[in-house]
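Structural overview
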Amino acid sequence: MPTSSHDPLNRILLTGAAGSLGQVLRTRLAPYARVLRLSDIADMAPAEGAHQEVVICDLADKQAVDTLVDGVDAIVHLGGISTEHSFEEIVEANIRGTYHIYEAARRHGVQRVVFASSNHVIGFHKQTERIDAHDLRRPDGYYGLSKSFGEDLASFYFDRYGIETVSMRIGSSYPEPKDRRMMSTWLSYDDLTMLIERGLFTPGVGHTVVFGASANRDGWWDNRYAARLGFTPKDSSEPFRAKVESQPMPAPDDPARIYQGGSFTAMGPFEGPKS
Ligand code: NAI
Ligand code: 15L
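In this report, we go over the structure that sits alongside the text.

What counts as what
- Here the residue numbers are simple positions, counted from 1 along each chain's written sequence.
- Key to labels: chains lettered from A, ligands numbered from 1, both in the order written.
- This being a predicted model, a pLDDT of at least 70 is required before a residue's local features are given, and a value of 80 or more before pairs of side-chain atoms are given or counted; all residues contribute to the totals for chains, interfaces and linings.
- Excluding hydrogens and water, the side-chain values take into account all heavy atoms of the structure.
- Strand pairing follows a simple DSSP-based rule, namely that at least 2 bridges must link the two strands.
- Runs of H or I in DSSP of at least four residues are treated as helices and runs of E of at least two as strands, each being numbered from the N terminus.
- All axes are obtained by fitting lines to C-alpha atoms, using only the stretch in contact for helices, and the reported angles, taken between N-to-C directions, cover 0 to 180 degrees.
- Contact between two residues is taken to exist if any of their heavy atoms lie within 4.5 Å; hydrogens are not considered.
- For this classification, under 35 degrees means roughly parallel, over 145 means roughly antiparallel, 65 to 115 means roughly perpendicular, and everything else is oblique.
- Left-handed describes a crossing in which the near helix is turned anticlockwise from the far one by less than a right angle; the clockwise case is right-handed.
- Under this grouping Gly is polar, as are all residues other than the nonpolar Ala, Val, Leu, Ile, Met, Phe, Trp, Tyr, Cys and Pro and the charged Asp, Glu, Lys and Arg.

1. Thoughts on the sheet that holds strand β8 (residues 207–212)
In space, the seven strands of this open sheet follow the order β3-β2-β1-β4-β5-β7-β8, with parallel pairing throughout. The open sheet has two edge strands with one neighbour each: β3 (52–56) and β8. Across the sheet, the mean angle from the axis of one strand to that of its neighbour is 20 degrees, orientation sign disregarded. Relative to β3, strand β2 (residues 33–40) runs parallel, the two being bridged by five bridges. Directly across from L36, in β3, lies its bridge partner Q52. Each of β5 (112–118), β7 (164–170) and β8 touches helix α4 (residues 142–161); the most contacted strand, β5, lies at about 155 degrees to it.

Printed below as a string of C-alpha cells:
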C-alpha cells in the first residue's frame, strides 16, 4: 500500500463509503487525513475511533449535502449509481448529487475534489483506438452521460470559482480483472489509491482528467495527464492473463469485444416503443 510523504489534511470527505471501492478506501485513505468523514446513503460499519466520522446522507438532498461538506478540506467523491440505469434513476444521485457536492464545496471554501468519473464517458470509442483524456467524449449511456456532466461541473467550478478537481475515468477497479476487456481496463486497488493521493496532493491541477488504469500491456489509453500528476502505476493485468484467457472468447459482434465501454454500450432502452 502506498504511504504518505506529506502532511495529512485535517479532514477528507469520502462519499460512497459503503460501496465496493469506498470500503477499500476507508482504510487506505487514512494516512491522508487526520479525520476521514465517511458518507453514504446506505448503512456502513460504525466509526472506528476519533479519526473517522460516519454520516448517512442522500446526495440528492441539497441541504444535507451542504451540512455534510461543512468543515472538510477535500472531497473524494465516489457516491452515486455506479452502473447503467434509466435516466430517472441516474439523475438524482449522479447529476443533482454531484452538483450538490460542488455547490457545497463552493459555499464552504473546499478547494480540492477527486471525482470518480468512468471509462463510460468514452465508452463508444472502439477497442482498436488509442485515445487520451482530451479526445472526444463518447458516453455509452445515461450513466456515462452523468459522469460526463460531472466532469463538466468540475471544469465550470474551476473556471468560475477556482475549485480544483482531478476527474479519474476509472476503468475496472476490482481485486483482479474478470474478463478479457478488463485486461485493458483494470485498475488495482494500490494504483487507485496512488491516483487518489496524487489527485489530493498535486498542486495546480486545475481540472485535470485522467484515466484510472494500471500499466496494462493492452491498454487503450494514453495516460499522459495522469503521468504529469506523478501517477506511475505499479500493477498490471498481465499476471491474470492465463486465468482470464481460459474463458471463452466473446463472439466478434459482441460489444464486449468491440467497444471500450463493453456491454454498457448495449444496455437499455429502458422504455418500450409507443404502440
Ligand atoms: P458502488 O455502487 O459499490 O458504490 C457506490 C456507492 O454510492 C454505494 O454505496 C451507494 O449506496 C452510494 N450511493 C448511491 N446513491 C446514493 C445517493 N443518492 N446518496 C448517497 N450515496 C449514494 O460503486 P463502486 O464500484 O464502489 O464505485 C465507486 C465510484 O467509482 C462510483 O462513482 C462509480 O461510478 C465509480 N467507478 C467505479 C468503477 C469500478 O470499477 N468499481 C469504474 C468506474 C467508475
Ligand atoms: C464502471 O463505471 C462501473 O462502475 C463498474 O461497475 C464497472 O462496470 C466498470 O465501469 C467497467 O467498465 O468495467
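Now, onward.
2. Let's talk about the packing of helix α3 (residues 87–108) against α4
α4 packs onto α3 with a crossing angle of 15 degrees between their chain directions and a minimal axis gap of 10 Å. On the basis of their axis angle, the class for α3 and α4 is roughly parallel. In this structure, α3 meets α4 at a crossing whose hand is right-handed. Contacts between α3 and α4 involve F87, I90, N94, I95, T98, Y99, Y102, E103 and R106 on the former and, on the latter, Y142, Y143, S146, F149, G150, L153, A154, Y157 and Y161. Counted by class, the contact of α3 with α4 contains 12 nonpolar, four polar and two charged residues.

All we've got here are geometric facts, nothing functional implied.
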